[in-house]
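# Structural features, examined
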Amino acid sequence: MHHRCAVLDDYQGVAAASADWAALAGEVDVVTFAEHLGTEDELAAALADFDIVVTLRERVPFPASLIARLPRLRLLVASGMRNSVIDFAAAEAHGVTVCGTESSPTPPVELTWALLLGLARGLVPENAALRAGGPWQSTLGADLAGQRLGLLGLGKIGSRVARIGLAFGMDIVAWSQNLAPERAAEVGVAHAGTREELLSGSDFVSVHLALGDRTRGLLGAAELALMKPTSYLINTSRAAIVDQEALLAALHAGTIAGAAVDVFDEEPLPADHPLRTAPRLLATPHLGYVTRGNYRRYYGQAVEDIRAYLAGVPIRRLEP
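So, about the nonpolar core. L152, L198, L219, L224, L233 and L247 are the most contacted members of the largest nonpolar core, which totals 29 residues. Residue assignment for this core shows that the elements contributing at least two residues are strand 7 (171–175), helix 8 (195–201), strand 9 (204–207), helix 10 (244–253) and strand 11 (258–261). At five residues, helix 10 tops the list of elements feeding residues into this core. If near-sequence neighbours (up to four positions away) are discounted, L219 is found in contact with L152, R195, L199, V207, L224, L233, I241, V242 and D243. One finds I172, A174, L179 and V187 within the second-largest nonpolar core, a separate group that totals 25 residues.

Below, the discussion takes up the pairing of strand 4 (residues 75–78). Burial along strand 4 is two-sided: L75 and V77 and L76 and A78, pointing in opposite directions, are all buried. With four bridges joining them, strand 3 (residues 52–55) and strand 4 adopt parallel strand pairing. Across the sheet, the residue bridging to V53 is L76, located in strand 4. Sheet topology note: the strand 4/strand 5 (residues 97–100) ladder contains four bridges and is parallel. Across the sheet, the residue bridging to V77 is C99, located in strand 5. Note on the crossover from strand 4 through helix 3 (residues 88–93) to strand 5: the handedness is right-handed.

Attention now goes to the side chain of T97. Mapped onto the fold, T97 is located in strand 5. With sequence-adjacent residues up to four places away left out, T97 is seen in contact with R74, L75, L76, Y309, P314 and R317.

The grouping of R82, K156, R160 and R163 at the surface amounts to a positive patch. Turning to its location among the elements, K156 is positioned in helix 6 (residues 156–167). Residue K156 is classed as exposed on the basis of its relative accessible area, which comes to 59%.

This next bit is on unusual backbone geometry. A cis amide bond links E267 with the next residue in sequence, P268, at an omega value of -5°. Residue placement: P268 occurs in the loop between strand 11 and strand 12 (281–283). Positive phi values are uncommon outside glycine, yet Q137 reaches one of about 70°. Mapped onto the elements of the fold, Q137 is located in the loop between helix 5 (123–131) and strand 6 (148–152). Of note, H286 is a non-glycine position whose phi angle comes to about 50°, a positive value. With respect to the element layout, H286 can be found in the loop between strand 12 and helix 11 (292–310).

Let us now look at the packing of aromatic side chains. As enumerated under the stated definition, the model contains eight aromatic pairs in all. An aromatic cluster is built from W21, Y289, Y295, Y298 and Y299, whose rings are joined through pairwise contacts. Stacked on the ring of F50, the Lys or Arg R4 has its end atom at 4.3 Å from the ring centre.

On to the sheet that holds strand 9, then. Pairing is parallel across the open sheet formed by seven strands, whose spatial order is 8-7-6-9-10-11-12. Each edge of the sheet is formed by a strand with only one pairing partner; in this case those strands are strand 8 (190–191) and strand 12. Here strand 7 pairs with strand 8 via two bridges, running parallel. Within the sheet, the bridge partner assigned to A174 lies in strand 8 and is H191. Strands strand 6, strand 9, strand 10 (232–235), strand 11 and strand 12 of the sheet are contacted by helix 4 (residues 106–120), whose axis makes an angle of about 155° with strand 10.

What follows is about the pattern of salt bridges. Across all of its chains, the model carries twelve salt bridges by this definition. E40 is the partner of R69 in a salt bridge, and the nearest nitrogen-oxygen pair spans 3.2 Å. Note that R69 is positioned in the loop between helix 2 (64–68) and strand 4 and E40 in helix 1 (residues 40–46), a separation of 29 residues in sequence. E40 sits in the partly exposed class, given a relative accessible area of 27%. Each of the salt bridges in this network shares a partner with another, and the network as a whole consists of E40, D41 and R69.

For the structure shown, the criterion picks out one cavity of 30 Å³ or more. Every residue along the wall of the largest cavity is listed here: V54, T55, L56, V77, A78, S79, T101, Y298, Y299 and A302. For the lining of the largest cavity, the secondary structure elements donating two or more residues are strand 3, strand 4 and helix 11. For the lining of the largest cavity, the element with the highest residue contribution is helix 11, accounting for three residues.

About the cut-offs
Residues numbered from 1 in each chain as written. Predicted model: local features only at pLDDT ≥ 70, side-chain atom pairs only at ≥ 80, totals over all residues. Heavy atoms only, no water. Core = buried A, V, L, I, M, F, W, Y, C linked by side-chain atoms within 4.5 Å. Buried < 20%, exposed > 50% of the residue type's maximum accessible area, 1.4 Å probe, protein only. Helix = DSSP H or I, 4+ residues; strand = E, 2+ residues; numbered from the N terminus. Contact = heavy atoms within 4.5 Å. Pairing = 2+ DSSP bridges. Right-handed = clockwise from strand over helix to strand, strands pointing away. Patch = residues over 30% accessible without salt bridge, like charges linked within 9 Å, V, L, I, M, F, W, Y side chains within 5 Å. Areas by Shrake-Rupley, 256 points an atom, 1.4 Å probe, with all protein chains shown as cover. Salt bridge = Lys/Arg side-chain N within 4 Å of Asp/Glu carboxyl O. Lys, Arg positive; Asp, Glu negative; His and termini not counted. Charge placed at Lys NZ, Arg CZ, Asp CG, Glu CD. Phe/Tyr/Trp six-rings, centres within 6.5 Å; stacked < 30°, edge-to-face > 60°. Lys NZ or Arg CZ within 6 Å of the ring centre and 35° of its normal. Axes fitted to C-alpha atoms, helices over the stretch in contact; angles between N-to-C directions. 1 Å grid on protein atoms, 1.4 Å probe; cavity = no way out; pocket = protein on both sides within 12 Å on 5 of 7 lines; lining within 4 Å. Points joined across faces, edges and corners; volume = space filled by probe spheres on them.

What follows is the structure, encoded as structure tokens:
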């Protein structure tokens, strides 16, 4: 039986060169989609004739209503080994196997520090001024050494961010609902007793939590108001952890010194979205995982997942 495979959100046109798709030749025709399919109707129409779909991270939701409209779908491969936007019960009910791929924690750690340093030293406005013939030096950089970095989450990514902060000579504190003081001590950082303590005492706050019922909207207007007016917020985790309207209000009011975000409630971000023009904001288009090495891992293992499925022995199966 011949199969058709759709690769979604290949914005840069790099999926084909990131893996040996020829390993599927003769069995699977691979079609890439460079443009984001933003609605269920668009997805249902575009994917109706595909047996296999490869999707990036949690970019495209697959609720029960969409899965029901894709009668040919038999294999869904999502990059990463966790996914909160796939209805696994519906997939099982419709005979759809869901598999994942490994994902390196290194790229989001590196981007977190790129954003933090960019904020601290005003790299974007300084570069823009230099290129436009503007003022020579217009910002006053924030120091890192001796300053407090508060980490919301100390898992695979947060712990790596912490170690780099220690190398900069920063005072690191961490908090999450499940974080034990012993775990913080293992990483060499202090344990914040409460979220409020972390927010009010930190010069930089960086979010590294998984999105779930307990973390959705974790930072709202009341929490952002606890931050010092000289402090910065960095979010490379999930947009919904930080209330977007509350963040916009804080940026416009100047109640925090600035923010850097790589994740958004709606992606790609609409051209007229207020975050595109918000003051004191450094924003990147969800680049946390977008590196050559990670894409080779994603797409290379997607090919492995497809081959294993066709052989009747699915690997890296995802569960809710």
